[in-house]
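One letter stands for each residue in the lines below.
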Amino acid sequence: MRRKTAAHNLKEMKLIVPEKGSPVSQGDPYIFKANGKYYLYATGVHGVETYASDQLLSGWKYIGRTLTEPDRKEFWAPCVIERDGTYYMYYSSMPKEEDDVHLQEIRVAVSASPEGPFVFQKSVLPPFSIDPHVVESGDGYYIFYSLNDAEAERAGTYIAVDKLTDMFTVEGKPKAVVLPTLDEEIFMHDRFRKGQNWHTVEGAFYFRKGDDHYVTYSGNCYQNEKYFLGYAYAHGKETDLRELKFEKQPSENVYAPLICRNESEEGTGHNSVIEEDGTYYIVYHARDLTCDKTLPDCRTARICPLHAEGKLLKAERSAK
């Protein structure tokens, strides 16, 4: 069975429109609120590109590169969390002189301010590891991230969760959360060897509403037509997030994107979620169908309301 769903009732917005002097792209946008102000951190080749606003839906300005390292490049999918007045940024990057993206590793940097500068402290996970999302749950902190399994029946990248023993150290007892199950998640046919299709499930973002737990994720590749946002759901009172059983919705065998390509945008994926005055909003990247294809990357951050009721997540997105 295959079906596509999309909610097209309210108008989604471009959260950030690039202005002169700012980066063209805001890939993998992570939204964060601190001290009454909103911040958005995005992937950048030379460092983490950062934006700020006093309002959620407007007024965003580029404030600069808040993390860089002279011997590193490809700073992917940053996330930020605050603990006891210190801001921790988790991200992945790779050595500047290398070309193999499988040398990406998750690292952590710290700052006394959400506006940085963030300073590298430690490698958290070995290569290949990408797309961290660190959250507080119960009396501990947990990290969702993506890694590879080349020997699985559906070989490729999947999402796991592990506990942090401190803000710099992973316990080393990961549990798989979201695995590839669909042909629509195939990133590339015959990628590493003939007959092996490589799947990609990445970009996890976890949030909880009561005893309902959600993990949104990206399937496929942002350069491909089938790229989409999906989600997995679990119910329970557990605070050890490794004890939850997450299940793809509506089923692991049904392609039913939360957000996918529509009449105006494509490359829809890698999101974060924020709650504001009782309303959830999902922030994701996409590119206009009319964007200049000669640009290396014209993804920009978008936002729309997100409804969460039990197993059902629904993004209120327009069909313009």
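Just so you know, these numbers come straight off a predicted model, no measurement behind them.

### Digging into the state of the cysteines
Covalent bonding between the sulfur atoms of two cysteines defines a disulfide.
Link 1 in the chain: Under the defined criterion, the tally for this structure stands at one disulfide.
Link 2 in the chain: Covalently, C291 is tied to C298 through a disulfide, its sulfur atoms 2.4 Å apart. For the pair C291 and C298, a shared accessibility class is recorded, and that class is buried.
Link 3 in the chain: Distance from the sulfur of C221, which forms no disulfide, to the nearest cysteine sulfur (C298) is 14 Å.

### Comments concerning the sheet that holds strand β5 (residues 61–67)
Link 1 in the chain: If you walk across this open sheet you meet the four strands as β2-β3-β4-β5, and the pairing is antiparallel. Each having just a single partner strand, β2 (30–34) and β5 make up the two edges of the open sheet. The mean angle between the axes of side-by-side strands here comes to 30°, regardless of whether they run parallel or antiparallel.
Link 2 in the chain: Bridge count for β2 against strand β3 (residues 37–42) is five bridges, and the pairing is antiparallel. Looking across to β3, one finds that A34 is bridged to K37.

### Looking at the nonpolar core
Side chains that are nonpolar tend, in soluble globular proteins, to be buried together.
Link 1 in the chain: With 52 residues, the main nonpolar core has Y41, Y90, I143, F207 and L306 as its most contacted residues.
Link 2 in the chain: Ranked by residue count, the leading element in this core is strand β7 (residues 86–95), at five residues.
Link 3 in the chain: Excluding residues that lie within four positions of it along the chain, L306 makes contacts with F207, L258, V273, Y280, Y281, I282, L313, K314 and A315.
Link 4 in the chain: F144, V161, Y206 and L241 belong to the second largest nonpolar core, which has 21 residues in total.

### Regarding the sheet that holds strand β9 (residues 119–123)
Link 1 in the chain: If you trace the four strands from one edge of the open sheet to the other, you get β6-β7-β8-β9, paired in antiparallel fashion. With one partner strand each, in any of the chains shown, β6 (72–83) and β9 form the two edges of the open sheet. Mean inter-strand twist for the sheet, computed between neighbouring axes without regard to direction, equals 30°.
Link 2 in the chain: Judged from the four bridges that link them, strand β8 (residues 105–111) and β9 form a sheet pairing that is antiparallel.

### Structural notes on the packing of aromatic side chains
Link 1 in the chain: The full count for this structure, using the stated rule, is 14 aromatic pairs.
Link 2 in the chain: Ring centres of Y41 and F118 lie 6.3 Å apart, and the angle between their planes is 85°; on these two criteria the pair is classed as edge-to-face. Of this pair, Y41 sits in strand β3 while F118 is found in the loop between β8 and β9, placing the two residues 77 residues apart along the sequence. In this structure, Y41 and F118 share a single accessibility class: buried.
Link 3 in the chain: Ring plane angle 10° and centroid distance 5.3 Å describe the contact between F144 and Y206, whose orientation is recorded as stacked. Here F144, found in strand β11 (residues 140–149), pairs with Y206, found in strand β16 (residues 198–209); they are 62 residues apart in sequence, far enough to count as distant.
Link 4 in the chain: You can call Y206 buried: its relative accessible area is 6%.
Link 5 in the chain: Taken together, the ring pairs in this structure connect F207, Y214, Y233 and Y280 into an aromatic cluster.
Link 6 in the chain: For R107, the ring lying beneath its charged end belongs to F120, and the centroid distance is 3.9 Å.
Link 7 in the chain: When the ring centre of Y222 is taken as origin, the NZ or CZ atom of R299, which lies over that ring, is 3.8 Å away.

### Describing the pairing of β7
Link 1 in the chain: A large share of β7 lies buried, amounting to nine of its 10 residues.
Link 2 in the chain: Alignment of β6 against β7, held across eight bridges, turns out to be antiparallel. Within β7, the position partnered with K73 by the bridge is M94.
Link 3 in the chain: What sits between β6 and β7 in their antiparallel hairpin is a turn of two residues, with D84 showing a positive phi close to 55°.

### Observations concerning the pattern of salt bridges
Link 1 in the chain: This model, assessed by the stated rule, comprises 29 salt bridges.
Link 2 in the chain: For R261, the salt bridge is made with E266, and the minimal N-O distance between the two is 3.4 Å.
Link 3 in the chain: Note on R261: relative accessible area 37%, which makes it partly exposed.
Link 4 in the chain: What makes E266 buried here is its relative accessible area of 13%.
Link 5 in the chain: For the salt bridge of E266 with R287, the shortest nitrogen-to-oxygen distance reads 3.2 Å. Of this pair, E266 sits in strand β21 (residues 265–276) while R287 sits in strand β22 (residues 279–288), and the two are 21 residues apart along the sequence. The pair E266 / R287 is uniform in exposure class, with both members buried.
Link 6 in the chain: Among the charged side chains, a network of salt bridges with common partners joins K14, E265, D288, R302 and R317.

### Here's the deal with the side chain of S137
Link 1 in the chain: Along the polypeptide, S137 turns up in strand β10 (residues 130–137).
Link 2 in the chain: With relative accessibility at 7%, the residue S137 sits in the buried group.
Link 3 in the chain: Setting aside residues no more than four positions away along its own chain, S137 makes contact with Y142, T239 and L241.

Quick notes on the rules
Residues numbered from 1 in each chain as written. Predicted model: local features only at pLDDT ≥ 70, side-chain atom pairs only at ≥ 80, totals over all residues. Heavy atoms only, no water. Disulfide = S-S within 2.5 Å. Buried < 20%, exposed > 50% of the residue type's maximum accessible area, 1.4 Å probe, protein only. Pairing = 2+ DSSP bridges. Helix = DSSP H or I, 4+ residues; strand = E, 2+ residues; numbered from the N terminus. Axes fitted to C-alpha atoms, helices over the stretch in contact; angles between N-to-C directions. Core = buried A, V, L, I, M, F, W, Y, C linked by side-chain atoms within 4.5 Å. Contact = heavy atoms within 4.5 Å. Phe/Tyr/Trp six-rings, centres within 6.5 Å; stacked < 30°, edge-to-face > 60°. Lys NZ or Arg CZ within 6 Å of the ring centre and 35° of its normal. Salt bridge = Lys/Arg side-chain N within 4 Å of Asp/Glu carboxyl O.

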